[in-house]
Amino acid sequence: MEADIPAKREEIGSASDESNPFNLLALPTALLLRIVDRLELPEELAAVSCVCRLLRQLSSDSRRWETFFRQRWAATRTESGKTPDVDSAKRSSWHKQYNSRESSSKAYTGRYYEDDTMYGHTETIRGVRFQPTLDLIASCSADRTVRLWDLKTRRCAQVSKNPHSALIRTVEMDLDLLASGSSDKTVRVWKADYSLPQLFTLSRSYKLKGHIAPVTALATDEQNLYSGSWDQTVRVWSKDSLRRVATFAQDDWVTSLIVRGRRLTTAVGSSVRCFDLETGKCVANLQDVHVGKVQAVEGTQCGRVVF
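I will try to describe carefully the structure that is included in this document. In this text the structure is predicted, and so the values were computed from the model without any measurement.

**Digging into the pairing of strand 9 (residues 187–191)**
- Among the five residues in strand 9, four count as buried, and that is most of the element.
- Of the strand pairs in this sheet, strand 8 (residues 177–182) and strand 9 are connected by five bridges, and their pairing is antiparallel. What sits directly across from Ser180, in strand 9, is Arg188.
- Where strand 8 folds back on strand 9, the antiparallel hairpin that results is connected by four residues, among which Lys185 adopts a positive phi of roughly 75 degrees.
- Pairing analysis gives three bridges linking strand 9 to strand 10 (residues 206–208), with the strands arranged antiparallel. Looking across to strand 10, one finds that Arg188 is bridged to Lys207.

**Some words on the sheet that holds strand 9**
- Taken together, four strands build an open sheet; the order of strands is 7-8-9-10 and the sheet is antiparallel. Two strands in the sheet have a free side with no partner beyond their single neighbour: strand 7 (168–173) and strand 10. Across the sheet, the axes of successive neighbouring strands diverge by a mean angle of 20 degrees, strand direction being ignored.

**Overview of the pattern of salt bridges**
- According to the stated counting rule, one finds six salt bridges in the structure shown.
- The closest approach of N and O atoms between Asp174 and Lys239, which form a salt bridge, is 2.6 Å. With Asp174 in the loop between strand 7 and strand 8 and Lys239 in the loop between strand 13 (233–238) and strand 14 (244–249), this residue pair connects regions lying 65 residues apart in the sequence.
- Judged by its relative accessible area of 13%, Asp174 falls in the buried class.
- The partner of Lys293 in a salt bridge is Asp252, and the shortest N-O contact between them spans 3.6 Å. In this pair, Lys293 is assigned in the segment after strand 18 (282–286) and Asp252 in the loop between strand 14 and strand 15 (254–260), connecting sequence segments 41 residues apart.
- Members of the salt-bridge network, linked through shared partners, are Asp174, Asp176 and Lys239.

Calculation rules
- Residues numbered from 1 in each chain as written.
- Predicted model: local features only at pLDDT ≥ 70, side-chain atom pairs only at ≥ 80, totals over all residues.
- Heavy atoms only, no water.
- Buried < 20%, exposed > 50% of the residue type's maximum accessible area, 1.4 Å probe, protein only.
- Helix = DSSP H or I, 4+ residues; strand = E, 2+ residues; numbered from the N terminus.
- Pairing = 2+ DSSP bridges.
- Axes fitted to C-alpha atoms, helices over the stretch in contact; angles between N-to-C directions.
- Salt bridge = Lys/Arg side-chain N within 4 Å of Asp/Glu carboxyl O.

What follows is the structure, given as structure tokens:
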């Protein structure tokens, strides 16, 4: 018997050889189910379920999910304040119970989030920008104000003093400046002050003139600020001097624009166009991409994919 043991080990080891690969799915379903039942963590079951349909079905039927379901909701309360009746899973599918309670309590991937509504604007909000490094939100509104919101306190940190004479249509923010575009045909800019906790003070702004129609879109890169308008142009402004350094002519209203890498992409009428910022030439013109006018455009950081 002892002489047979090495031979068996060698035979088992040869199963991993490329000429004779070991196929786990060739095992009987009952044995696969026993293997899946040995998995204790939901993360492990989730990983196994991604292999194939058979393992997905077996892992979905694992009692570990029901154990996880009961443990998760035992000390949890729903929005109504009542403790969920986990025993009700016996009377109906615990799969449906789990999905229903996850949805009703707004819990995903083991973390709970809260809905926070911050009040301040008195008219329709037209644009929002988020600065994650500072937990700061900038918003603009038809009430002709720009507001900065501190997400740590959930309060409005600053309010602009009516920088525009008409509704504000768009806002842009990065670590260098905060800008707003308005129907009064101007762009207002607040430069960053790194000694301030909110980075900007809205008591003083710079006015950029040049557009002859409402400013509807703003974007930035490391050197420049870009503004699009219904006057069928995109103007490029230096961040340092706040002077216009270039203009990209369009043939319809500019409703949205982004800058990715060295590419400027604009939404113009029902078309999307891409410009090379170094040469100023249009390198792509996607016409009639939508039935109506394109209202927004986005893209990947490399600028190769636009949506």
